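# Chains, contacts and geometry: an overview
Single-letter residue listing:
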Amino acid sequence: MQMLALYSIKGGVGKTASAVNLAAEACRDGHRVLLWDLDPQAATTFYLRAKPKVRGGVDKLVKGKAALDKVIRDTGVEGLDLLPAAIGSRDMEQLLEGRKLSRLRKLLRPVVDDYDLVLLDCPPSLSTLAEQVFSSVDALLVPIVPTTLSLRTLEQLRGHLDETNHACPVWPFFTLADRRKTLHRQVMDTLGERWPTRLSTVIPNASAVERMGLERAPVSHFARASAGGRAYAGLWREIRQRLQ
Ligand SMILES: Nc1ncnc2c1ncn2[C@@H]1O[C@H](COP(=O)(O)OP(=O)(O)O)[C@@H](O)[C@H]1O
Ligand SMILES: [Mg+2]
């Protein structure tokens, strides 16, 4: 079971859109995927037409396989299961506070044989939860909008990971990119030198991706051949190669 997180200190950069689309692509590829919505805003849960709130509170997460199986839900995407958002982020923080690292991975132990890939959709913060994410995953997928400020955010993340001794690899990729904008092109050209681990697939600013909120489905389900749909398919192929 491999584990990846969509993570950024910034909000609104396409973490959730990427989590849902990459999960759908991995499923098309025959992987058994669990998407864990860690953001109390529950956007992933909404996109997949599930109800938020882990019934009975987050305690269910620590009560063994039967309890965990009860909170994990099917989705309209074949092969994709969802661990929906818990309403209170406080509950989640409490569950993790003061715990040893890699707790998120350990919580999933009862279902480790049920999934090939776990994707985490994270809220934008550097909290207890983030520390647990950093210590649990095989890599961080970090969406960045190609502006100078976003590159600084990426440097800050790297600084933080170095300071706190987290060795987890960072794989940045561009989202919401507009090649007609000179600044976007310039920023995209500079990333390669500084970040050899970056994923080269660029997700464009695409109306099909924006429509996910209306369709409440991954882009591949209603606009597979669109620019956004093709881009996510390509991004997944690149990630799959790295995971092998
Ligand atoms: N590639 C894209 N093209 C156009 N709109 C996008 C794209 N990716 C995300 N969006 C839109 O941008 C907003 C923020 O995206 P979201 O995935 O929720 O970001 P985050 O999870 O990082 O906060 C949403 O309204 C979403 O529909
Ligand atoms: Mg989000």
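Here, every reference points to the structure presented above.
Computed from a prediction, not measured in an experiment: that's the story for all the values here.

Near ligand 1 there are 15 residues, and of these Gly 12, Lys 15, Ala 17, Pro 204 and Ala 206 occur at the shortest range. Separating an oxygen atom of ligand 1 from a backbone N or O atom of Val 13 is a distance of 3.0 Å. With respect to ligand 1, the backbone of Gly 14 contributes an N or O atom lying 3.0 Å from an oxygen atom. Here ligand 1 has 560 Å² of accessible area as a free molecule, and 79% of this is covered by the chains. Cavity membership is defined here by more than half of the atoms lying within 2 Å of grid points; on that basis ligand 1 lies in the largest pocket. Contributing elements (two or more residues each) for the shell around ligand 1: α1 (15–28) and α9 (207–210). Top contributing element to the shell around ligand 1 by residue count: α1, with three residues. Looking at the shell around ligand 1 residue by residue, the class counts come to eight nonpolar, five polar and two charged.

Before going further, it helps to examine the nonpolar core. Counting 45 residues, the largest nonpolar core has Trp 36, Leu 104, Leu 120, Val 133 and Leu 140 as the members making the most contacts within it. Aside from chain neighbours lying at most four places away, what touches Leu 120 is Met 3, Leu 4, Ala 5, Leu 6, Trp 36, Leu 38, Leu 104, Val 133 and Val 137. By size, the runner-up hydrophobic cluster in this structure holds 38 residues, among which are Leu 4, Ala 206, Ile 239 and Leu 243.

Right, let's talk about the layout of surface pockets for a bit. One number sums up the size of the largest pocket: a volume of about 450 Å³. Every residue lining the largest pocket is counted, 23 residues in all, and those nearest its centre are Gly 12, Gly 14, Lys 15, Ala 17 and Tyr 47. Looking at the lining of the largest pocket, the elements that each hand over two or more residues are α1, α2 (43–47) and α9.

Across the sheet, seven strands lie side by side as β3-β4-β2-β5-β1-β6-β7; this open sheet has mixed pairing. Both edges of this open sheet fall to β3 (73–74) and β7 (170–174), since each of them pairs with a single strand only. Here helix α7 (residues 148–163) sits on the sheet and contacts β6 (139–144) and β7; the angle it forms with β6, its principal contact strand, is near 160°.

Before going further, it helps to examine helix α11 (residues 227–243). Taking 1.5 Å per residue as the helical rise, α11 with its 17 residues ought to reach 24 Å, and the 25 Å between its terminal C-alpha atoms agrees with that figure. Among the residues of α11, Gly 228, Gly 229, Ala 231, Tyr 232, Ala 233, Gly 234, Leu 235, Trp 236, Glu 238, Ile 239 and Leu 243 are the ones counted as buried. Contact partners of the buried residues in α11: β1 (2–6), α1, β5 (117–121), β6, β7 and α9.

Judged by which residues are buried, strand β4 (residues 80–83) turns out to be covered on both faces: Leu 80 and Leu 82 on one side and Asp 81 and Leu 83 on the other are all buried. Here strand β2 (residues 33–37) runs beside β4; their pairing, made up of four bridges, is parallel. Bridge pairing in β4 places Leu 35 opposite Leu 82. Looking at chain direction, β3 and β4 are connected through two bridges and run antiparallel. Among the inter-strand pairings, Arg 73 is bridged to a residue of β4, identified as Leu 82.

This part covers empty space enclosed by the protein. Taken as a whole and judged by the stated rule, the model has one cavity of 30 Å³ or more. In this model, the largest cavity occupies a volume close to 70 Å³. For the largest cavity, the full set of lining residues is Ser 8, Ile 9, Lys 10, Val 13, Val 142, Pro 143, Ile 144, Ser 150, Thr 153, Leu 154 and Leu 157. Broken down by secondary-structure element, the contributors of at least two residues to the lining of the largest cavity are β6 and α7. Take the lining of the largest cavity: its biggest share by element is four residues, from α7. Each residue belonging to the lining of the largest cavity can be placed in one class, and the counts come to seven nonpolar, three polar and one charged.

When helix α8 (residues 182–194) is considered as a whole, its buried residues turn out to be His 184, Val 187, Met 188 and Leu 191. Here the buried residues of α8 occupy an arc of 100° about the axis, which is enough to place them on one side. Exposed positions of α8 whose direction lies more than 90 degrees from the buried face are Asp 189 and Glu 193. Along its buried surface, α8 packs onto β6, α7 and β7.

Conventions and cut-offs
- Residues numbered from 1 in each chain as written.
- Chains lettered and ligands numbered in written order.
- Predicted model: local features only at pLDDT ≥ 70, side-chain atom pairs only at ≥ 80, totals over all residues.
- Heavy atoms only, no water.
- Near = heavy atom within 4 Å.
- Polar contact = N/O pair within 3.5 Å; in protein donor to acceptor, adjacent residues only side chain to side chain.
- Areas by Shrake-Rupley, 256 points an atom, 1.4 Å probe, with all protein chains shown as cover.
- 1 Å grid on protein atoms, 1.4 Å probe; cavity = no way out; pocket = protein on both sides within 12 Å on 5 of 7 lines; lining within 4 Å.
- Sits in = over half its atoms within 2 Å of the grid points.
- Helix = DSSP H or I, 4+ residues; strand = E, 2+ residues; numbered from the N terminus.
- Nonpolar A, V, L, I, M, F, W, Y, C, P; charged D, E, K, R; others polar.
- Core = buried A, V, L, I, M, F, W, Y, C linked by side-chain atoms within 4.5 Å.
- Buried < 20%, exposed > 50% of the residue type's maximum accessible area, 1.4 Å probe, protein only.
- Contact = heavy atoms within 4.5 Å.
- Points joined across faces, edges and corners; volume = space filled by probe spheres on them.
- Pairing = 2+ DSSP bridges.
- Axes fitted to C-alpha atoms, helices over the stretch in contact; angles between N-to-C directions.
- Expected span 1.5 Å × (residues − 1).
- Arc of directions from axis to C-beta.

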